[in-house]
Each structure stands twice: as structure tokens, then as C-alpha cells.
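Next come the chains, spelled out residue by residue.
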Amino acid sequence: MSDLVAPRGASRLRERNREDLLHLLRTRGPLSRAEMARALAVSPTTASSLVAELVAAGLVTEADSADRPPRRGRPAQVVRLTTAPGYLAGVDVGRTHARVAVTDRDQQVLAERNVHLPVGHDREATTALVLDVLDELLTGLGAGRGDLTALGIGLPGPLESATELIGVGAILPEWVGFDVAGVLRAELGVPVGIDNDANLGMLAEARHGAARGASHAIYIKVSTGLGAGMLLGGELHRGAGGSAGELGHTPLDLDGMVCRCGSRGCLETVASVRAVLAMLRPTLGADLTLEDVLRLAADGNRACERAIEDVGRGIGRGVAVLANILDPEVVLIGGPLAAAGEPLLDAVRESVRRTCIPSVSSRVRVERSALGDRAEVLGAVAVAADVASTAGLDGGARSTTR
Ligand SMILES: [Zn+2]
């Protein structure tokens, strides 16, 4: 009778191996059969037969040898997920910048540009500028809009999943209610995905950065405001409406400063770039910038060092609240203030150690984002890859990032 059980068990194992292989290619990009066999701990013969099944199902493709340098004279053979040919684009719009990247279908960056923008930049003008930059980057690659497969865009602020509109409380108040994804979709005629910047940072770190291999992780973007992207069980957690992770508006001090959201004493009034500058401008001048603060702190200016430590402790209190609830493996500190480096991270760690329950604080790692100021645009590219793949599966009707 056991001969009836064995094939069923073997078939389940094979199914799981197929899923693991697809997941591997999705997270690590194209791989040789030997690399796949090693990563899945199966024999080369099993890996080859899994690949053959997935090729027959149209889910993976054997790549042309030109994509990788030949080894010892023999062309390298790699296997990749089947995606539409063409380019992916990622766009990251912030309070004072727009970054655009064009990648190949494996999310390798081919061209990228960062443009500085004035505070309060006009939403229509910035959208037009993004399209111009995208056109220039594509032209530089000898391509055009017709070669684009999909685009992902990130904005700082809560995004309502159902409408794709940026919500109240955003860093870009001028963009509230603006359907930038719809405009780009109409202009480009390709699937467009949109998400908030902290979620994109988390996605990029999980796929290409310091959270690779983690199932539970938090990405904290310390910028003008304070946002969190959360990876739970290997999936980005966006919440019911898309507003999950608005850590900056956690009430901390009922008698504290009035926040830009209208509440009083929100965490980001003491834990953000805005908070650093508010602390130092009365003594160091009204035109003090974050770059000045980072330079002065590196030169040993005690006021700047103190401001960074104080804000680090504030960030740590917010991290502790989230970590106690989510029990992550790693917390990554990203955004422009992360450039302050170890003094900031040490203050965050100290605060986490003091305020987290010991079973969490003894294990959780607090580290700096590995992708720096490119995390968000690389996350936007990952979203573009996801919408391209979803569009391929359901005939192009879907456009959201889920
Ligand atoms: Zn607030």
C-alpha cells in the first residue's frame, strides 16, 4: 500500500521544489542550473528536470548566452523567469528630488538620473519632467516609449490602494488627490504601479539589499517625516487601505508640538530631519541644511552630534513600538538622515535596548539601509516588474501593485 503514498509525497515535494525554484529566480535573478541545484539542495539532475517542466509550462526561459560572460570558453547557460521583453522604469519623487531609472527585465539598472526640485514643486510640471527624463534615458539606450514594459512610481505619503491617490498627511501636500499613476498610464500606455516610498525601500532591501533572506523586517525612512515599510512573512504589509506604517504620526507626547497632520506630539515632531533642523536652527542659523549638520557632526560639533543622538533615541522609541508588535529579524534605517551613520544607529539601538521587551531586543538587528538614497527607485523598479508579471498573467487589466 505504501507504493500509493510514495508517489503522492513525491509529487508534493516536486510541486514545492517548483515553487521554491520560481521564488529563487524571482528574488535572485537569472541563475545557472548548478547555482539552482546548490540553493535548493537538490541534485543537478533534479534541477534540470524541474527547469524542463517550467520551460514547458512557459514560466521560465533559457537565456541566450550573451547575457553572461562565457566561462572557460563555454557560453554560460542561465535560466530566468519569463517576462515580456523590454525595459522597466522606476520613479522616486520626493520633496526636493525626482529620480528616474531604466532597467532591463532582470532589474539591472541601465540608465539613471536624479533631478533636484524646489520645495513645493508643481505636480503637473514634475510629472512632465519625469516623462522628459524617462524619454531621454530611453533615447540614450537607443530605445523609446514603445520599448517600455511597465513603470513603478513611489511618493512620500499614504497612498489609498483602491484609488491610487496620495492621502492627507503626505510630505507633498500639493499632490494630495492627484492621480499620477493614471496620468503616467495614459501617457505611456503600459501598466503602472504606485506605492509609498517607505514600502518601496522595504521591497528593494528585501530583494536586493540588507533584508535579503529575511521574512520579517522593518524599513524606517527618516526624511522630512518618518515612515515605515513592513515585511511580514516575506510579504509587504500595506494594510486594508494602503496606510499601514505611518509611524511618524504615532502619538508620543499629548502636550508636545503641533504636527503637520494636525495632531499634537506625533513621533516625527521629535524624530525626523525636520526635528533635527528645528533643534539646531535657533543657534546655527535659519538656512542650516541637513548636509551642514552632517558635515558639522563629522567635524565634532557637539550641538549637531547631540541633535543626531536625540533624534536617534526618538526613532528608537518608534522602532521599539513596532518591534514589540512585529518581532522582526532586522530593522533598517534609511532616508537622508541615515547618512549620519553609526552615531545615529547607536542612539536607535540604545533606545531599542531600553524600551523593547528583552526577547525582542536581544535578537533584533538595527542596521543602516544597504541601498542608500537609491532604495526607493529600485523598489519602484521591483513594483514595475510585479505589475508587468501580473499584466502578463491576466491580460494587462491589472495595474495596482498587489
Ligand atoms: Zn502627525
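Refer to the structure printed above.
In what follows, the accompanying structure is described. Note that the structure is predicted; figures quoted are calculated from it, not measured.

## Quick notes on the coordination of the zinc ion
Put simply, a metal with four donors set out as a tetrahedron has ideal angles of 109.5 degrees, and one with six donors set out as an octahedron has ideal angles of 90 or 180 degrees.
Phase 1 of the analysis: Protein coordination at the zinc ion comes from H249 (ND1), C259 (SG), C261 (SG) and C266 (SG), with a distance range of 2.0 to 2.3 Å.
Phase 2 of the analysis: Between the four donor atoms coordinating the zinc ion, the angles at the centre fall across 104 to 123 degrees, so the site counts as tetrahedral.
Phase 3 of the analysis: Read in sequence order, the donor residues coordinating the zinc ion give the pattern H-x9-C-x1-C-x4-C. Taken together, the residues span a long stretch of sequence, with H249 in the loop between strand 10 (235–236) and helix 7 (273–284) and C266 in the loop between strand 10 and helix 7 at a distance of 17 residues.
Phase 4 of the analysis: A relative accessible area of 1% places C266 in the buried class.

## Some words on unusual backbone geometry
Of all residues except glycine, most have a negative phi; of all peptide bonds, most are trans.
Phase 1 of the analysis: Even without a glycine there, the phi angle at A41 is positive, about 55 degrees.
Phase 2 of the analysis: Relative to the helices and strands, A41 is located in the loop between helix 2 (33–40) and helix 3 (44–56).
Phase 3 of the analysis: Take A41: its relative accessible area is 70%, and that puts it in the exposed class.
Phase 4 of the analysis: For E164, which is not a glycine, the phi torsion comes out positive at approximately 65 degrees.
Phase 5 of the analysis: For E164, the location among the structural elements is in the loop between strand 6 (148–155) and helix 5 (180–188).

## Looking at the sheet that holds strand 11 (residues 330–334)
Phase 1 of the analysis: Reading across the sheet, the five strands line up as 10-9-8-11-12 and stay open at both edges, with mixed pairing between neighbours. Each having just a single partner strand, strand 10 and strand 12 (365–368) make up the two edges of the open sheet.
Phase 2 of the analysis: Sheet strands touched by helix 6 (residues 197–208): strand 8 (217–222), strand 9 (226–232), strand 10 and strand 11. Its angle to strand 9, the strand with the most contacts, is close to 45 degrees.

## Some details on the nonpolar core
Phase 1 of the analysis: One finds I220, I315, I333 and L337 to be the most contacted residues of the largest nonpolar core, which totals 42 residues.
Phase 2 of the analysis: For this core, the secondary structure elements donating two or more residues are strand 8, strand 9, helix 7, helix 8 (290–298), helix 9 (302–326), strand 11 and helix 10 (342–355).
Phase 3 of the analysis: Per-element tally for this core: the top contributor is helix 9, with ten residues.
Phase 4 of the analysis: Beyond its immediate stretch of four places on either side in the chain, I333 contacts I220, V222, I315, A338, L344, L345, V348, V366, E367, R368 and S369.
Phase 5 of the analysis: Formed by 33 residues, the second largest nonpolar core is a distinct cluster that contains Y87, V93, V100 and L188.

Thresholds, definitions, all that
Residues numbered from 1 in each chain as written. Predicted model: local features only at pLDDT ≥ 70, side-chain atom pairs only at ≥ 80, totals over all residues. Heavy atoms only, no water. Donors = N, O, S within 2.8 Å, 3.2 Å for Na, K, Ca; no water. Tetrahedral: all angles 85-135°; square planar, octahedral: opposite > 155°, others 65-115°. Helix = DSSP H or I, 4+ residues; strand = E, 2+ residues; numbered from the N terminus. Buried < 20%, exposed > 50% of the residue type's maximum accessible area, 1.4 Å probe, protein only. Pairing = 2+ DSSP bridges. Contact = heavy atoms within 4.5 Å. Axes fitted to C-alpha atoms, helices over the stretch in contact; angles between N-to-C directions. Core = buried A, V, L, I, M, F, W, Y, C linked by side-chain atoms within 4.5 Å.

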